[in-house]
Amino acid sequence: MSVRREEERRRSVFTRRALMLAAGQAALFGFLGSRLYRLQVVEGERYAMLAEENRISARLIPPPRGRVLDRNGAVVAGNQLNWRALLVAEQTQDVGATLETFSRIVPLTEQEVARIEREVRRRRRFVPVSVREFLSWEEMARIEVNAPDLPGILIDVGTTRHYPEAEHLAHIVGYVAPPAERDMDGDPLLELPGIRVGRAGIEKHHDQVLRGRAGAVQLEVNAVGRVIRELDRREGVPGQDVQISVDAGLQKAIRERIEEGTSVVVLDARSGEVLAMASQPSFDPNLFNAGISAQQWREWTRNRATPLINKATNGLYAPGSTFKMIVGLAALEARVATPGDRVFCPGYMDLGDTRFHCWQRRGHGNLDLRGALKHSCDVYFYEMAKRVGIDRIAAMANRFGLGVDLEIELPGTKRGLVPTRAWRQAQGKPWNLGDTVVHGIGQGFYQITPLQLATMAARLATGRAVQPHLTRSIGGRPVRGGRAEDWPLLGIPERDLRLVREGMWAVVNEEGGTARSSRLPAQFGVMAGKTGSVQVRRVSREQRERGFRVESMPREWRPHALFVAFAPYDNPLYACSVVVEHGMSGAIAAGPLARDALIETFTRLRTAPALPGSRMAEAPGAPRP
Amino acid sequence: MSEVFERRLLTRDRGGRVLRKLWQIPWSFVLLLCALAAVGYVALYSAGGGAPEPYAAKHALRFAFGLVLMLSMALVDIRLIARFAWLAYAAGVALLVLVLVHGNVGKGAQRWIDIGPLQLQPSELMKILLVLALAAWFQRASWERVGNPLFLVLPTLLVLVPMGLILKQPNLGTALITGMVGAAVFFAAGVRLWKFALILGTAAVAAPIAYEHLHDYQRARITTFLDPESDPLGAGYNIIQSKIALGSGGVWGKGFLHGTQGHLNFLPEKQTDFIFTMLAEEFGLVGALTVLGLLMLAVGFCYLVALRCRHQFGRLLAVGLGTNFFLYIFVNVAMVTGSIPVGGVPLPLISHGGSAMLTTMLGFGLLLSVFVHRDAEFGPARD
């Protein structure tokens, strides 16, 4: 009884209150309705009137794309004026007819017409579509004269990217191209006709910075599209200039000195700034502006010399003998050898029933680390590799920037490979002691880029984890300090480093060193370096016994020539690496290039130590006679 | 009763029972939801630049999935739901804690967790689970008992705990909505009016103090609401652009796919928070009021279910769910018309977003279950 009464009471209270809630919510709905009415009918009366005859048109204002400057402030990527014809679909009755008339004045290919019609369909009818860019004065005059017959066509001036250094900096600066569907990241700017996005290099890495933000105007426009007045304006943000560390003049001089298949990297050894990074052959980035032809693209991609690829960052090579410093340091750190330990080189080393040869068939006799580096003795490093083991060698290589991502501002840069036992085992193959021995002289599975080699040279010279980079400043603000102290120490004892540097000094400056012919002229100070050459094809024992000579091989089978260097020896400023594909000998093909690149660098950057007289013979720190 | 009941529930004439329940489902309401989702498809098609990708197609798929979820929910016995209400609530709180610890940050707030392809916003789900728990608590309470302040301590905590956790994310808008949903259930359950007056009074005093503790972006929202022209290029920009879009839509709109504001990206977040503006720009006042009318019908249905239900649990659940749905709509539309500060609340069934769709359809599933089982026997109220 009481239960039922209770239930009824509860229910009546609930009903009353639910109705109150419902009424309240209905009233709020009413409020929303009245609010809409006020906005869309009463307060928005002027908009409603405009909707009858006129309309509000919103247009984007493209910001100028930021420039790319070299270290001296010279423009290496700038903007040029570009006169172009645009089509606004809603201002013509018949897009097809307009285009037909247009192509009688300025011929359009079938593909162009198809592209324009596709874009007209895809975009809003009031968004202009580019019909033809880079109009000549004559073409513009003809279009203007025929304007009455060309409804919807308008001529305006946009900007286009221009690269004054053309192919010299193409691999670094990159290039721009019209955005593809996948580039549409919601930035309304990308819908504008004639807009370009970075596709490679600095242009791609700093695309957001260079691009800026679109401004917009809201215009009151009448039915034929004439602007009546401006209602609202939102200013855009122009793209910021990016200054890179490369010296365009140095880059050009080096590139003109080298041949196809060669790459040269010059770093500021202390700051890690890339001063030059040359790769032959290259391409002209200006050709991308108008959209390159399929034929040109095929030509580039099928060319075996790969002009589109920056060999300095994406060419993968075994380091050869330039790797021997790493093995030496790993041996010293692991305490499997002392600096004075000598290894006897009879010209070969036997391991089981396999014989590993030294490049010097006669043998080097007794050598310590310094001498082994100077003569580039293979047997010494076979022995050291055997003692240290591959994993410790790989760890040391990684510390010097080999086989690791150096985070250079060039998208798509290769990381390379320094093999380890685990890596080989992941492939399902065992790692043999013979593999370790071969890898002790920088041959085998390594995949190292010239940029990594130059980084290694800079790190050897400074003992710090110098990181190569290209960006100096963005919008006038410096991005990274240019001092060695900005980089952490590698944690390698100075004593070990000095020993290895001495070896590199001896390579270039001592009688019997492998690169004596590459030493610097006296006024530039002293260079330390290391040669290397890596086999592209294995030379069989049979060939060897028949008195085989590499010169008789076809070009693409000949070994690559490598050289790494830093200078001046006693106060390193610059680090350098050179790789000459199929150049055969590091000492002959690569060393002189490194020397010339460094001379050029000293001359242009004017920081060469102005010391009188020859210091070559009695360089301080040039220790034993 | 439990074991016997459970066995009967599980075994007896299951097929026939399911068919009978399906017959009970108010299909005209389901049709109404389909109409709203279709409106969403049209709007998202336009927001996608006149293409089903990237928004509209996904929306349709999510709705289809939600529909299945809702209909299966409708068949679950309401008493079973009542029994799991506490567990569900506890799980919801656990998720809120999890999102604070492991959640993804969006616009400076930790709000969602990734579950495979799905992004779950626990705060959305929590509002429904809170209604469930409150309904379960009040369902056994008599009028006298509801009058006892001690009896209200636990349900008040039930509201404050999730509110606090959501505030911590920090998401002021959702926290306030959670509080209002809770208040609506309290109100419907018969809590005395003077208590509400007391709480409102306290809030009025506390507000200036709370303002001091708000995040900068939250303060910016409030100040730009008070004077949107003060910062036309910053936070006030959204509101102004939204109003221009609405106003220029006029009575009949600019026509499908011809909204200049939306298509030239003057309108921010047009696929989520500002989808209603997009609709109102392209279809005018007529279109906007039609959509609002359809949404209002859906809210009205919740009250209809509540009034026809014969148990307190179902009534409170229906009112709570209805209020939750209403608040979504009200806050969103009031926001885009510049009536209240901007706060990322989507328009249910129309905005793009999986989490909101899922929770909306889950809520309607519970509502349908109330309707199908409106005559179910619960135990009597206790003093």
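A brief look at the structure comes next. Worth saying up front: this structure is predicted, and the values here are computed from it rather than measured.

### Details of the packing of aromatic side chains
So, point 1. For the structure shown, the criterion picks out 31 aromatic pairs over all chains.
So, point 2. Arranged with centres 5.3 Å apart and planes meeting at 70 degrees, the rings of Phe 29 of chain A and Phe 326 of chain B form a pair that is edge-to-face. You can see Phe 29 of chain A sitting in helix α1 (residues 2-42) and its partner Phe 326 of chain B sitting in helix α15 (residues 312-336), one on each of two chains.
So, point 3. Classification of Phe 29 of chain A as buried rests on a relative accessible area of 4%.
So, point 4. Ring geometry for Tyr 380 of chain A versus Phe 381 of chain A: centroids 5.1 Å apart, planes at 75 degrees, classification edge-to-face.
So, point 5. Classification of Tyr 380 of chain A as buried rests on a relative accessible area of 3%.

### Focus on a nonpolar patch on the surface
Residues and elements named next belong to chain A.
So, point 1. A surface patch of nonpolar side chains, amounting to about 470 Å² of accessible area, comprises Leu 81, Trp 83, Trp 137 and Val 157.
So, point 2. Among the secondary structure elements, Trp 137 is positioned in helix α5 (residues 137-145).
So, point 3. According to the relative accessible area criterion, Trp 137 is exposed, its value standing at 67%.

### Observations regarding the pairing of strand β15 (residues 354-357) of chain A
So, point 1. Bridge analysis of strand β14 (residues 348-351) of chain A against β15 of chain A gives 4 bridges, and the strand direction is antiparallel. Directly across from Leu 351 of chain A, in β15 of chain A, lies its bridge partner Thr 354 of chain A.

### Observations regarding the packing of α15 of chain B against helix α16 (residues 354-372) of chain B
Residues and elements named next belong to chain B.
So, point 1. Interhelical geometry of α15 versus α16 gives an angle of 150 degrees and a closest axis separation of 9 Å. By the angle between their directions, the pair α15 and α16 is classed as roughly antiparallel. Of the two possible hands of crossing, α15 and α16 adopt the one that is left-handed. Touching Gly 314, Leu 317, Ala 318, Leu 321, Phe 325 and Tyr 328 of α15 are Thr 359, Thr 360, Gly 363, Phe 364, Leu 366, Leu 367 and Val 370, all from α16.
So, point 2. Classifying every residue of the contact of α15 with α16 gives 9 nonpolar, 4 polar and no charged.

### Digging into the interface of chain B and chain A
So, point 1. With 66 residues of chain B in contact, the opposing surface of chain A contributes 45 residues.
So, point 2. Our enumeration of links across chain B and chain A arrives at 2 salt bridges.
So, point 3. Mapped by element, the contributors of at least two residues to the side of chain B that touches chain A are α7 (143-147), α9 (172-189), α12 (236-249), α13 (260-263), α14 (275-308) and α15 of chain B.
So, point 4. For the side of chain B that touches chain A, the leading source of residues is α14 of chain B, giving 13 residues.

What counts, and where the lines are drawn
- Residues numbered from 1 in each chain as written.
- Chains lettered and ligands numbered in written order.
- Predicted model: local features only at pLDDT ≥ 70, side-chain atom pairs only at ≥ 80, totals over all residues.
- Heavy atoms only, no water.
- Phe/Tyr/Trp six-rings, centres within 6.5 Å; stacked < 30°, edge-to-face > 60°.
- Helix = DSSP H or I, 4+ residues; strand = E, 2+ residues; numbered from the N terminus.
- Buried < 20%, exposed > 50% of the residue type's maximum accessible area, 1.4 Å probe, protein only.
- Patch = residues over 30% accessible without salt bridge, like charges linked within 9 Å, V, L, I, M, F, W, Y side chains within 5 Å.
- Areas by Shrake-Rupley, 256 points an atom, 1.4 Å probe, with all protein chains shown as cover.
- Salt bridge = Lys/Arg side-chain N within 4 Å of Asp/Glu carboxyl O.
- Pairing = 2+ DSSP bridges.
- Axes fitted to C-alpha atoms, helices over the stretch in contact; angles between N-to-C directions.
- Parallel < 35°, antiparallel > 145°, perpendicular 65-115°, else oblique.
- Left-handed = near helix turned anticlockwise from the far one by under 90°.
- Contact = heavy atoms within 4.5 Å.
- Nonpolar A, V, L, I, M, F, W, Y, C, P; charged D, E, K, R; others polar.

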